[in-house]
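Residue-level structural notes
This is what each chain is made of:
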Amino acid sequence: MGEDAINMFCYQCSQTAHGTGCTVSGVCGKVPTVAKLQDNLIFAAKGMAAYLYHARELGATDSEVDAFLERAFYATFTNVNFEAEDLIAMALEAGEMNVRTMRLLKNAHIDAFGEPQPNEVQTGTVKGPGILVTGHGLKAIGELLKQTEGTGINVYTHSEMLPAHGYPGLKKYKHLVGNLGKAWFDQKKLFAEYPVAILVTSNCIMPPKDEYKDRMFTTGPVHMPGVTHIDGYDFSALIEKAKSLPELPDKQGEFTLTTGFSANVVLSLADKIKGLVETGKIRHFFLVGGCDAPLKKSSYYRDFVEKLPKDTVILTLACGKFRFNDLDLGDIEGVPRLIDIGQCNDAIVAVDIATGLADLFGVSINELPLSMNISWMEQKAVSILWSLLHLGIKGITLGPILPAWVNEDILKVLVDTYDIHIIGDPEEDIVRMMG
């Protein structure tokens, strides 16, 4: 980027120096790109750290990933790395390290709770007091289920905790009775509606309303002013609060959800899938999911799935699936058309399925009749995007808006090198992807 650009850097505001190179004025080209690539690397490292935290809860660590995080955070000091090309290389390396991290966490989940199996999940309530668990912390819900067994308390999942119902070591507890609500941002309405105790196990907490703040508890890395925090896994206070609250009624939900499709479960259908593809009964696979956000444009994803031809199969994961996972899409000769593979970190499961299908047909992943349409936010989504790019996957569609760290220069690299697309009209996007 040149010595002149480096000399323009302002150490007081951590941006380029005021004048012709000022980021605020929008005149400078290269230096703002470097700043945005540093932001990107910070987001990727933060997302990876979240997955590593949950893996470490279950006793799994990776010293090579830890060492990379040290380098990544050091490289984002305001006066360390000014090379745009090097920061892109580090982003791809972050993707590689996140692949290791997601596999580390997936293996830790399987070691602790068994390999997921498809399971139908009710969305209504069961008579009795309840605890609603949100977030991503399977270790926390596992400990809670142990402590609430035999107490008469029913446990419900919310948002990214839905995949807990697929793990044999968790679904064996009969008082894990269902899922309430959808994506993380329905908290204020949902938590006020149900008089239950609430446990938040990871990111995606929203500032609580006063009407339920006194029955909300946090654990692990999550803290919120005015909310009781539990250090460790002694949930006695949470359990006592649940017992003191009114019982929920028996009330059937409007639909059931299905989750728990592991790579082994999907690939056990490999011969059937191959036959259905070769006879034209399955024409295309889509990965649709990711991080959801309360944006009007996010309704695109339900429209997209509803408009997909009936000879297509949809893999989904993360909270983005709640845009459409209540739809009954049926199956294709025993192969479900909607396959929920889990939490956002279970993107590694999608990679394993894609790799398995590529091996089955003797082609590369990019040659498969497979398209990825990923809903976007930040942090964990950044880590996953760079993981996919590290693996050489091209043609990914992103939405509903561009990542915040992308400017015109970065977008050009993403489009020219990786064939990244931004969502448009659902029908036109389907034609493009299937073409």
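Source: prediction; values computed, not measured.

**Here's the deal with the side chain of Thr 218**
Within the fold, Thr 218 resides in strand β8 (residues 216-219). Classification of Thr 218 by relative accessible area gives buried; the value is 0%. There is a polar contact of 2.9 Å between the side chain of Thr 218 and the side chain of His 229.

**A closer look at the sheet that holds strand β6 (residues 176-179)**
Within the open sheet, the six strands sit side by side as β6-β5-β4-β7-β8-β9. Their pairing is parallel. Of all strands in the sheet, those bounded by a partner on one side alone are β6 and β9 (228-230). In this sheet, adjacent strand axes meet at a mean angle of 25 degrees when their direction is disregarded. Sheet analysis places strand β5 (residues 154-158) next to β6, joined by three bridges and oriented parallel. Looking across to β6, one finds that Thr 157 is bridged to Asn 179.

**A short note on helix α5 (residues 138-148)**
Counting buried residues along α5, eight of its eleven residues qualify, which places the element largely inside the surrounding structure. Within α5, the full set of buried residues consists of Leu 138, Ala 140, Ile 141, Gly 142, Glu 143, Leu 144, Leu 145 and Thr 148. Two residues or fewer past α5, Gly 150 is found with a positive phi of approximately 80 degrees.

**Some words on the packing of helix α12 (residues 300-307) against helix α16 (residues 426-434)**
The N-to-C vectors of α12 and α16 enclose an angle of 55 degrees; their axes lie 9 Å apart at closest approach. In terms of their interaxial angle, α12 and α16 are classed as oblique. α16 is crossed by α12, and the crossing has right-handed handedness. Between α12 and α16, the residues in contact are Tyr 300, Asp 303, Phe 304 and Lys 307 and Pro 426, Glu 427, Asp 429, Ile 430 and Met 433, respectively.

**Observations regarding the sheet that holds strand β17 (residues 397-399)**
Strand order in the open sheet formed by six strands is β15-β12-β11-β16-β17-β18, with parallel pairing between adjacent strands. Strand pairing shows two members of the sheet lacking a second neighbour, β15 (338-340) and β18 (421-422), which therefore form its edges. Against the sheet, α16 touches β11 (284-290), β12 (312-316), β16 (370-375), β17 and β18, its axis set at about 130 degrees to β11.

**Details of the packing of aromatic side chains**
Evaluation of the coordinates by the stated rule reveals nine aromatic pairs. Ring geometry for Tyr 74 and Phe 77: centres 5.1 Å apart, planes at 65 degrees, overall edge-to-face. Among the residues examined, Tyr 74 registers a relative accessible area of 52% and is labelled exposed. Here Phe 77 falls in the partly exposed class, since its relative accessible area comes to 45%. Of the aromatic side chains, those joined through ring pairs into one cluster are Phe 286, Tyr 300, Tyr 301 and Phe 304. Looking at Lys 139, its charged tip hangs above the ring of Tyr 233, at a distance of 5.2 Å from the centre.

**Notes on the nonpolar core**
Core analysis: the largest hydrophobic core is formed by 76 residues, its most contacted members being Ile 396, Trp 405 and Leu 414. At eleven residues, helix α4 (residues 84-113) tops the list of elements feeding residues into this core. Sequence-distant contacts of Ile 396, defined by excluding residues within four places in its chain, comprise Met 372, Ile 374, Leu 385, Leu 388, Leu 389, Asp 419, Ile 420 and His 421. If you look at the next biggest cluster of nonpolar residues, it comprises 25 residues, including Ala 140, Val 155, Tyr 167 and Phe 235.

**With respect to the pattern of salt bridges**
Counted according to the given criterion, the structure contains 20 salt bridges. A salt bridge links Lys 146 to Glu 143; the nearest nitrogen and oxygen atoms lie 3.4 Å apart. Taken together, the positions of Lys 146 and Glu 143, both in helix α5 and three residues apart, correspond to about one turn of that helix. Its salt-bridge partner being Asp 416, residue Lys 412 comes within 2.6 Å of it at the nearest N-O pair. With Lys 412 and Asp 416 both in helix α15 (residues 408-418) and four residues apart, this pair spans about one turn of that helix. Judged by relative accessible area, Lys 412 falls into the exposed class, the value being 55%. You can call Asp 416 exposed: its relative accessible area is 53%. Via salt bridges that share partners, Asp 62, Glu 64 and Arg 100 belong to a single interconnected network.

Reading the values: the criteria
- Residues numbered from 1 in each chain as written.
- Predicted model: local features only at pLDDT ≥ 70, side-chain atom pairs only at ≥ 80, totals over all residues.
- Heavy atoms only, no water.
- Helix = DSSP H or I, 4+ residues; strand = E, 2+ residues; numbered from the N terminus.
- Buried < 20%, exposed > 50% of the residue type's maximum accessible area, 1.4 Å probe, protein only.
- Polar contact = N/O pair within 3.5 Å; in protein donor to acceptor, adjacent residues only side chain to side chain.
- Pairing = 2+ DSSP bridges.
- Axes fitted to C-alpha atoms, helices over the stretch in contact; angles between N-to-C directions.
- Parallel < 35°, antiparallel > 145°, perpendicular 65-115°, else oblique.
- Left-handed = near helix turned anticlockwise from the far one by under 90°.
- Contact = heavy atoms within 4.5 Å.
- Phe/Tyr/Trp six-rings, centres within 6.5 Å; stacked < 30°, edge-to-face > 60°.
- Lys NZ or Arg CZ within 6 Å of the ring centre and 35° of its normal.
- Core = buried A, V, L, I, M, F, W, Y, C linked by side-chain atoms within 4.5 Å.
- Salt bridge = Lys/Arg side-chain N within 4 Å of Asp/Glu carboxyl O.

By themselves these figures say nothing about function.
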